[in-house]
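# Commentary on secondary and tertiary structure
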There are 2 protein chains.
Amino acid sequence: MKKSTSTQDYLKHIYELSEGGEPASTNDLARVLKVKPASVTGMVQKLANEKPALVEYQKHQGATLTPVGKKAALEVLRHHRLLETWLVQTLGYSWAEVHEEAEKLEHVISEDFERRIAAALGNPTRDPHGELIPTPDLKMPQDDSASLSSLRSGQSATILRVNEDPNLLRHLDELGLIPGIRLMVTGYSPLDNNLTIKVEKKSFVLGLNITTKIFVEVEK
Amino acid sequence: MKKSTSTQDYLKHIYELSEGGEPASTNDLARVLKVKPASVTGMVQKLANEKPALVEYQKHQGATLTPVGKKAALEVLRHHRLLETWLVQTLGYSWAEVHEEAEKLEHVISEDFERRIAAALGNPTRDPHGELIPTPDLKMPQDDSASLSSLRSGQSATILRVNEDPNLLRHLDELGLIPGIRLMVTGYSPLDNNLTIKVEKKSFVLGLNITTKIFVEVEK
DNA sequence: GTCAAAATTTAGGTAAGACTAAATTATTTT
DNA sequence: AAAATAATTTAGTCTTACCTAAATTTTGAC
């Protein structure tokens, strides 16, 4: 059954917040959905009472997705990430600009539209930020990336993904540290966990705050 | 101020229904909006009481747009027609398939998005059906097309636009009678107003039901 | 000009999904 | 373990835009 925009947003954010294993708390949901906590309680209760249930919910314990809810969440996520990829590639949006537009479009496009852009893009597996795109049958692929912070001197890697924080995004864009770029670690300081990395001809020293938010594929 | 999807739909349809000069009647609006007449009355009253008012409304007399309402309607129409053009040109949608998808997208795209697709398409003035696209400053261009039914033997013309009736659309698509195609009138029957037209190597005899719904630019 | 049919409006309801304020439960500090 | 604080839920409203049923107005036929 077709879900409302609001329902889709709740499911998407419950998915993202509970990826770490912990249920999504009422307060966290309220924050990301820009809604008051009392509203979240009401909505989450409603979603738990649908048949089939979309979320698993126990008072004061937060919310997790049922298999049905998870499918619906991955559908929205697939829409979102395909749309971002497509807006960047066909309309010249920058890497940082696409989020808001995709946020609105993700709720209204048809399955046909989804198939068409996926095909037009050559069925990509990651969006411009490097986030994995759920498969057409709505499974989330295994993420085999490692955090840049785990590398040490001498290792080379290719950037797969960066965290979606807008400020960080802009900063990394300026430095040229974007998905697809190859880098080498040339130094490591055990005291502050700073890494020195070399990209093309340039070197940067990056702190843990940044290196934990860049994900790479290490060269064997 | 940003209008709701519902408001945008009302304005768009009031615009279309009142193009002939007559106000849009409650019943006609109910029919095209797929809503009960009582709901139309309520909504139209609401739109007339906004400040600034979007529609002009007198009980039992139907609705027309105020200048403010007309701008809003043309904005939606511009979105719709740009989207149709774009879906056809970039995603391989057929001429007949795009309407429904554009109907949903038109309400959610940003002004930035509108500018980007207009630019990507080379600022087109007509959509795939040949309908005029409102200008960026939201004026409807003058339509200088003539009805095919007004032509007589010997005249040549290029198809600019065909009526948006889905059945007719499919029929004309099969015959190859689409915007951009050049044709010549080779015969006219005063009794039934049938026209014989020749397109490339083929000839067709078309009745008034069809010829009044094809609009052309006549060669001088 | 009257009367029936068609069109329109009024009145009263419903469903989503948000909000505020107040009450309750959990957690942390001492 | 009691008190203070934080998180969550309940209860009651509000808005938007739809609905049905009943009442009214307009129109068209005679």
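Within any chain, residue numbers begin from 1 and follow the written order of that chain's sequence. Each chain takes a letter, starting from A, and each ligand takes a number, starting from 1, following the order in which they are written. Owing to the predicted nature of the model, reporting of local features is limited to residues with pLDDT of at least 70; listing and counting of side-chain atom pairs is limited to 80 or more, with chain, interface and lining totals taken over all residues. Values reported for side chains reflect all heavy atoms of the structure, with hydrogen atoms and water molecules removed beforehand.

Let us look at the sheet that holds strand 6 (residues 194-199) of chain B. Residue and element names in this part refer to chain B. Within the open sheet, the 6 strands sit side by side as 3-8-4-5-6-7. Their pairing is antiparallel. Unpaired on one side and paired on the other, strand 3 (146-147) and strand 7 (202-206) mark the two borders of the sheet. DSSP-based pairing: two strands are paired if at least 2 bridges between them are found. Only DSSP runs of H or I with at least four residues qualify as helices, and only runs of E with at least two residues qualify as strands; both kinds are numbered from the N terminus onward. Sheet analysis places strand 5 (residues 182-189) next to strand 6, joined by 5 bridges and oriented antiparallel. From the neighbouring strand, Y188 faces strand 6, where its bridge partner is L195.

Attention now goes to the relation of the copies chain B and chain A. For the match of chain B to chain A, the screw axis carries a shift of 0.0 Å, the RMSD comes to 0.1 Å, and the turn is 180 degrees. Taken together, the turn and the small shift mark the pair as related by a two-fold rotation axis. Within chain B, L105 of chain B has its C-alpha nearest the rotation axis, a separation of 3.5 Å. Only residues with pLDDT of at least 70 in both copies count here: their C-alpha atoms drive the least-squares fit that superposes the copies.

All names here are of chain A. With respect to the helices, strands and loops of the structure, R78 is situated in helix 4 (residues 67-91). Per-residue accessibility, obtained with a 1.4 Å probe over protein chains only, is compared with the maximum for each type, and a residue is labelled buried under 20%, exposed over 50%, and partly exposed between these values. Owing to a relative accessible area of 5%, R78 belongs among the buried residues under this scheme. Expressed as a C-alpha distance, the spacing of R78 and A118, which sit 40 residues apart in the sequence, is 9.8 Å. Any pair of residues with heavy atoms lying within 4.5 Å of one another is described as a contacting pair. The contact partners of R78, leaving out residues within four places of it in the chain, are E114, A118, I133, P134, T135, P136 and L138.

When the charged atoms of two side chains with opposite charge come close together, those side chains can pair. Definition used for salt bridges: Asp or Glu carboxyl oxygen within 4 Å of a side-chain nitrogen of Lys or Arg. For the structure on display, the rule yields 23 salt bridges over all chains. Two residues, D112 of chain A and R116 of chain A, come together in a salt bridge whose shortest N-O distance is 3.3 Å. Taken together, the residues D112 of chain A and R116 of chain A, both in helix 6 (residues 111-120) and 4 residues apart, mark about one turn of the helix. Using a relative accessible area of 28% as the deciding quantity, one classes D112 of chain A as partly exposed. Judged by its relative accessible area of 17%, R116 of chain A is buried. Of the charged contacts, one joins R116 of chain A and E97 of chain B as a salt bridge, the two residues approaching to 3.2 Å between their closest N and O atoms. Linking R116 of chain A in helix 6 with E97 of chain B in the loop between helix 4 (67-91) and helix 5 (98-105), this pair reaches from one chain into another.

Now for the side chain of S147 of chain B. Residues and elements named next belong to chain B. Here S147 shows up in strand 3. The term polar contact refers here to a pair of N or O atoms within 3.5 Å; inside protein, the definition further demands a hydrogen-donor-capable atom paired with an acceptor-capable atom, and it admits residues adjacent in sequence only when both atoms are side-chain atoms. Polar contacts involving the side chain of S147 include one to the main-chain carbonyl oxygen of T211, which spans 3.3 Å. Look past the residues within four positions of S147 in its chain and what remains in contact with it is T211, T212, I214 and F215.

Residue and element names in this part refer to chain A. One fewer than the residue count of a helix, multiplied by 1.5 Å, yields its expected span. With 13 residues, helix 3 (residues 37-49) should reach 18 Å at 1.5 Å per residue; the first-to-last C-alpha distance of 19 Å fits that figure. When we look at burial in helix 3, the residues that qualify are V40, M43, V44 and L47. Viewed end-on, helix 3 has its buried residues packed into an arc of 100 degrees, placing them on one side of the element. Along helix 3, the residues that are exposed and aim more than 90 degrees away from the buried face are A38 and N49. Looking at the buried side of helix 3, the elements it contacts are helix 1 (5-17), helix 2 (26-33), strand 1 (55-57) and strand 2 (63-65). Note that the arc is defined by the directions from the helix axis to the C-beta atoms.

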